[in-house]
Amino acid sequence: MNVQELYPTLGLNAEVLGITANSKRVKKNFIFVAIKGNKHNGKKYIHEALENGACLIVTDQMVLKNYNHIRVRNAKREYIRLLQAFYHYQHDIYTVGITGTDGKTTTANILNQIFDVAKSSAYIGTNGISYLKKNIKTKHTTPTPDLFYEAYNVLRKHHINDLVMEVSSEGILDGRIERLEFDGAIFTNLSHEHLNTHKTMENYFKTKAKLFEGLKKNGLAVINSDDFYASEVASYTKARVVTYGIDTGMYQAKNIKLGLLNSEFDVYFKGLFLEHFKLPLFGKFNIYNALAAIAYASELGIDLKYIKEGIETLLPIDGRFMHFKNKNNITGIVDFAHTPNALENLLRNIREFKKGKIISILGAQGEKDKSKRAKMGSIATDLSDITIFTSEDPKHENLFGILYDLTENLKDKEYYMTLSRKEAITLATKLAEPNDIIVITGKGNETSEQIYDYHFKHNDYTLLKNALDA
């Protein structure tokens, strides 16, 4: 593609080999779009982009005129237009967006597995980009537009039929899904999270609702009717609405049997028995996630045998309820749970199966929603026998301040505190006795921890397993 195809009046004859808003990704003959974000202003990186070989700078800000550039009204929207033109974007992959505070990753993985059994499917979300048994790690739950359209183009070349995509509120707010067409969407739930960005729950909800506003009349909206915001979500969409839940919903899970390693339940549709399922995942909250995927797939007319196979052959989901038991009968559990709702659901479900003590290790990520920290501290100490507060990617925020936020309401409760996450894990293994359960939350299977600008190698699961095995 030539620059003249994108900007006929510019008079610049140059072959375009790529488009990005990340100056570090710029190579020879790339277009660099300088976008002003909340934390960084792309204008500051124009010089780096030019040094890396950018042939044109696109921006909505005033810039020097000694290099090829064009000024547009809205750089974010122009960025999407350029990427769609460069990658010849056509809506030829059936695309489902999944949003909610908790459960996005698990629901997306389950639905992707069902789709993949029936046809061929791809997943984009917290755990990266997955297709045809390949996996590429990404930084954001909803990737930046350049990565998304590059990936979408690859999926088209491999003739992928379906795409299941996690859609975060921050991704919506940042304009990453603008002009992207969704055939359907799933709403899992909404609870306290991201108020550092959205300020109020109402703003948070309205951001999530934009995914459903964009659905067409022939689209499909699958909504958790047990959630407080269900009816409001439904009011925001023109698409056909289908509900699911345990207490209410068109699709309901009944006769639930929970185990530490798996769950069983019957699915009813409008009161009529549909199928019995065995889910290789722990907890009532995961029955909600599975039910969302079952409802969506059923509404598309996918044969029940494929849905059942997709559910019952589900592979472990990276960073979600990773567990093991050592020779002394001590159970280790590592889970991503990083919101008050997710933490409470996890610990309440574990309490139903515990024979010994629950030892919890948690922190709170720096530069994120501070208002949830005290709630999480109270939940952990209320539902655990021993609680250890520690570091969890403090970034540029003062770790002592984070620990204070977590413990400010715990005046009459006992707990441990350490600045080192590794030390917290070591302490937990020393305190643990046979039949105890050690639960580490917040990071899942992440392989590093960020303190200021430094990234240190760290993996909760590996450290816990090694410590218990020793």
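Whatever comes next refers back to the structure up there.
This one's a predicted model, so the numbers in the text were calculated from it and none came from an experiment.

Calculation notes
- Residues numbered from 1 in each chain as written.
- Predicted model: local features only at pLDDT ≥ 70, side-chain atom pairs only at ≥ 80, totals over all residues.
- Heavy atoms only, no water.
- Axes fitted to C-alpha atoms, helices over the stretch in contact; angles between N-to-C directions.
- Helix = DSSP H or I, 4+ residues; strand = E, 2+ residues; numbered from the N terminus.
- Left-handed = near helix turned anticlockwise from the far one by under 90°.
- Contact = heavy atoms within 4.5 Å.
- Nonpolar A, V, L, I, M, F, W, Y, C, P; charged D, E, K, R; others polar.
- Pairing = 2+ DSSP bridges.
- Core = buried A, V, L, I, M, F, W, Y, C linked by side-chain atoms within 4.5 Å.
- Buried < 20%, exposed > 50% of the residue type's maximum accessible area, 1.4 Å probe, protein only.
- Phe/Tyr/Trp six-rings, centres within 6.5 Å; stacked < 30°, edge-to-face > 60°.
- Lys NZ or Arg CZ within 6 Å of the ring centre and 35° of its normal.
- Parallel < 35°, antiparallel > 145°, perpendicular 65-115°, else oblique.
- Right-handed = clockwise from strand over helix to strand, strands pointing away.

Asker: Outline the packing of helix α15 (residues 421-431) against helix α16 (residues 460-469), supporting the account with residue identities and numerical values.
Answerer: Viewed as axis vectors pointing N to C, α15 and α16 meet at an angle of 35 degrees, and their least axial separation amounts to 9 Å. Regarding α15 and α16, the two cross each other, and that crossing is right-handed. Side by side, α15 and α16 meet where R421, K422, I425 and T429 of the first sit next to D460, L463, L464, A467 and L468 of the second. The residue makeup of the contact of α15 with α16, split by class, is five nonpolar, one polar and three charged.

Asker: Describe the pairing of strand β22 (residues 448-451), listing the residues and the values that go with them.
Answerer: The side chains of a regular strand alternate, residue by residue, between the two faces of the sheet. Bridge analysis of β22 against strand β23 (residues 454-457) gives four bridges, and the strand direction is antiparallel. Directly across from Q450, in β23, lies its bridge partner H455. What sits between β22 and β23 in their antiparallel hairpin is a turn of two residues, with Y452 showing a positive phi close to 55 degrees.

Asker: Outline the sheet that holds strand β12 (residues 240-245), listing residues and values.
Answerer: Backbone-to-backbone hydrogen bonds pair the strands of a sheet. The strands run either parallel or antiparallel. Spatially, β8-β7-β6-β9-β5-β10-β11-β12-β13-β14-β15 is the arrangement adopted by the eleven strands of the open sheet, whose pairing is mixed. Strand pairing shows two members of the sheet lacking a second neighbour, β8 (134-136) and β15 (272-279), which therefore form its edges. Strand-to-strand twist across the sheet, computed as the mean angle between neighbouring axes with direction ignored, equals 15 degrees. With six bridges connecting them, strand β13 (residues 251-258) and strand β14 (residues 263-269) associate as antiparallel partners. Along β14, the bridge assignment pairs Q252 with Y268. Together, β5 (94-99), β6 (121-125), β7 (128-131) and β9 (162-166) form the strand contacts of helix α5 (residues 145-157), whose direction differs from that of β9 by roughly 160 degrees. Packing against the sheet, helix α10 (residues 284-299) makes contact with β5, β10 (184-187), β11 (220-224), β12, β13, β14 and β15, and its axis sits at approximately 145 degrees to β13.

Asker: I'd like a rundown of the nonpolar core, residues and numbers included.
Answerer: The tendency in soluble globular proteins is for nonpolar side chains to be buried as a group. Residues Y7, I19, I31, V33, L56, V58 and F212 are the most contacted members of the largest nonpolar core, which totals 56 residues. At six residues, helix α3 (residues 75-86) tops the list of elements feeding residues into this core. Discounting chain neighbours no more than four positions away, the residues touching V58 are Y7, I31, F32, V33, A34, I70, V72, E78 and L82. Listed in part, the 37 residues of the second largest apolar core include V96, F115, I287 and I317.

Asker: Could you give an account of the packing of aromatic side chains, naming the residues involved and the relevant values?
Answerer: If you walk through the whole model with that rule in mind, you get 18 aromatic pairs. On the basis of an interplanar angle of 85 degrees and a centroid distance of 4.9 Å, the ring pair of F86 and Y87 is categorised as edge-to-face. Using a relative accessible area of 15% as the deciding quantity, one classes F86 as buried. Judged by its relative accessible area of 14%, Y87 falls in the buried class. Residues F282 and F353 carry aromatic rings whose centres are separated by 5.9 Å and whose planes lie at 65 degrees to one another, so their mutual orientation is edge-to-face. Here F282 is found in the loop between β15 and α10, whereas its partner F353 is found in the loop between α12 (340-351) and β18 (358-362), with 71 residues between them in sequence. Judged by relative accessible area, F353 falls into the partly exposed class, the value being 25%. Here the basic side chain of K308 rests over the ring of F277, its NZ or CZ set 5.6 Å away from the ring centre.

Asker: So what's going on with the packing of helix α4 (residues 104-118) against α10? Which residues, and what values?
Answerer: What describes two packed helices is the angle between their axes and the distance between those same axes. Put simply, α4 and α10 touch, their axes get as near as 8 Å, and they point 40 degrees apart. By the angle class used here, α4 and α10 are oblique. Crossing angle aside, the handedness with which α4 passes α10 is right-handed. Of α10, the residues touching α4 (which contributes T106, T107, I110, L111, I114 and F115) are N286, N289, A290, A292, A293, Y296 and A297. The class makeup of the residues in the contact of α4 with α10 is nine nonpolar, four polar and no charged.

Asker: Describe the pairing of strand β3 (residues 56-59), naming the residues involved and giving the relevant values.
Answerer: Judged by which residues are buried, β3 turns out to be covered on both faces: L56 and V58 on one side and I57 and T59 on the other are all buried. In this sheet, β3 lies alongside strand β2 (residues 30-34) in parallel orientation, the contact comprising four bridges. Note on β3: the bridge partner recorded for I31 is L56. Between β2 and its parallel partner β3, the chain crosses via helix α2 (residues 46-51), and the hand of that crossover is right-handed.

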